[in-house]
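This is what each chain is made of:
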Amino acid sequence: MAHIETQCLHEGYKPGNGQPKAMPIYQSTTYTYDSTNHIGQLFDLTADGHMYSRISNPTVGFVEEKIAAMEGGVGALCTTSGQAASLLSILNIAKAGDHFISASTIYGGTVNLFAVTLKKFGIDCTFVDADAPVDQLQKAFRPNTKAVFGETIANPAIAVFDIEKFAKLAHANGVPLIVDNTFATPVLCRPFEWGADIVVHSTTKYMDGHAVQVGGALVDSGNFNWENGKFEELCTPDESYHGVTYTKQFGKAAYITKARVQLMRDFGMYPAAHTAFLLDLGLQTLAVRMERHCRNAEQVAQYLAARSEVEFVNYPTLESSPYAALAKKYLPKGCAGVISFSVKGGRESAVKFMDSLQLANNVVHVADICTCVLHPASSTHRQLTDEQLVAAGITPGLIRLSVGLEHIDDILADLEKGFAALHQ
Ligand code: PLP
């Protein structure tokens, strides 16, 4: 297998003799065929080819192949957002009356999706402290539990998820582990190598990197045994798809095929070709960018940890971090560019600090090439109750700092302006 730097550039679209060097944008909703019979075979899933761009498209398909290769999976499905990918990852295996378990330290939007919206669909989620011992975590499982979910590097607590511990626990209970690998990206960590079964991404973040498209991806390792008696929908005929049995017809690709032909057909959150083209441009430089993000963030984390105005800094490579050992194991190349820290003086100081920065953009975004900041308690995590905020590792003074690719001296000089404002 080629190295990740090479995969970023060469997986997916592979031009043949005389074909365009750049990936073509197939901006078409539909595809023409010579015979009605061929189209019938497409509907039966017995012939290869694209039928309609709500379900698949050649340009998006190239990007799906690239992401699947980078993660080491058997297939991927791109979605119109990271939220859509997280939603599909659960709906593909859980229905009303089912239950799943999630780490409490995850992105606030995902907490809302799991705790509020999926509950309305009749699917229950139990949030657990991911750092709890296995015997305590085991108590969260029920006979109707269908999955376990966590983030490799949690947004914004910057907690490192013990993938191997949760994979073993999930498998001992006959369910898959789903990992949101948005912040780490496959450049820094490949969850499948540690036993995860499904990976989701918000491609809006580092994968794109340039803040030009909102997108998501669902990736299947192909390793989970869906025929263990718990996942009927994957191994009995799907009447909504003229009797297809996904495990029989698609083997290792059963999960990802079902997500596409059943859920994507019905929900229709498939990205446009042009969006996939923009994402691919981002993916081409992802490995190079991640190196610089990690290097800059490590220096910024050390700088912040040494400041007297700072209460605490969350960054896993700091010796003081409770996640230092997990970071060494799962993220040996670095922990990406996102740091969270709390300034003394709570919300008021945090706002003063952030409003004094000139280089860093104050935006509802993260994991971008440009340094940016956000105050989670008043934005991404605004809907969370105080209890949920604490569980997600968020204090009123917490600032999420996404360290970009600028020169480190300029980033530090900007932070100096923030600290100077606290003394005025
Ligand atoms: N997962 C993580 C870790 C995120 O940070 C986000 C968004 O910030 C999402 C999922 C949701 O992604 P999107 O905004 O693309 O829907």
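None of the values given here were measured: they were computed from a predicted structure.

The subject of this paragraph is the sheet that holds strand E11 (residues 372-374). Ordered in space as E8-E9-E12-E11-E10, the five strands form an open sheet in which the pairing is mixed. Bordering the open sheet on either side are strand E8 (310-314) and strand E10 (361-362), each of which pairs with just one other strand. Pairing geometry for E11 and strand E12 (residues 398-402), over three bridges, is antiparallel. Looking at the pairing, cysteine 372 lines up with serine 402 of E12. Across the sheet, helix H15 (residues 346-355) touches strand E9 (338-343), E10, E11 and E12, and the angle it forms with E9 is around 125°.

Lining the immediate surroundings of the ligand are 13 residues, of which Asn155, Asp180, Ser202, Thr204 and Lys205 lie closest. In the complex, 91% of the free accessible area of the ligand, which totals 390 Å², lies under the protein chains. Partitioned by chemical class, the residues of the shell around the ligand number two nonpolar, eight polar and three charged.

Right, let's talk about the sheet that holds strand E2 (residues 99-103) for a bit. Strands in a sheet are paired, the pairing made by backbone hydrogen bonds, and the direction either parallel or antiparallel. Spatial strand order, E1-E7-E6-E5-E4-E2-E3: seven strands in an open sheet with mixed pairing. Of all strands in the sheet, those bounded by a partner on one side alone are strand E1 (75-79) and strand E3 (124-128). Strand-to-strand twist of the sheet, defined as the mean angle between neighbouring strand axes without regard to direction, takes the value 20°. Judged from the four bridges that link them, strand E4 (residues 145-151) and strand E5 (residues 177-180) form a sheet pairing that is parallel. Bridge pairing links glycine 150 to valine 179 in E5.

Basis of the calculations
Residue indices begin from 1 for each chain and proceed along its sequence in written order. Whole-chain, interface and lining totals are the exception, using all residues; otherwise, since this is a predicted model, local features are given only for residues with pLDDT of at least 70 and side-chain atom pairs are given and counted only at 80 or more. Computation of side-chain values covers all heavy atoms of the structure but excludes hydrogens and water. For two strands to be treated as a pair, DSSP must find at least two bridges joining them. Each helix is a run of H or I in the DSSP string that is no shorter than four residues. Each strand is a run of E no shorter than two, and both are numbered from the N terminus. It only takes one pair of heavy atoms within 4.5 Å for two residues to be counted as in contact. Working convention: axes come from line fits to C-alpha atoms, limited for helices to the stretch in contact. Angles between N-to-C directions cover 0 to 180 degrees. Any residue with a heavy atom positioned within 4 Å of a molecule or strand is treated as near that molecule or strand. Accessibility throughout is a Shrake-Rupley quantity obtained with a 1.4 Å probe, and a residue counts as covered only by protein chains that appear here. Gly falls in the polar group here, along with every residue not listed as nonpolar (Ala, Val, Leu, Ile, Met, Phe, Trp, Tyr, Cys, Pro) or charged (Asp, Glu, Lys, Arg).

Note that every value here comes from positions in space, so none of it alone points to a role or purpose.
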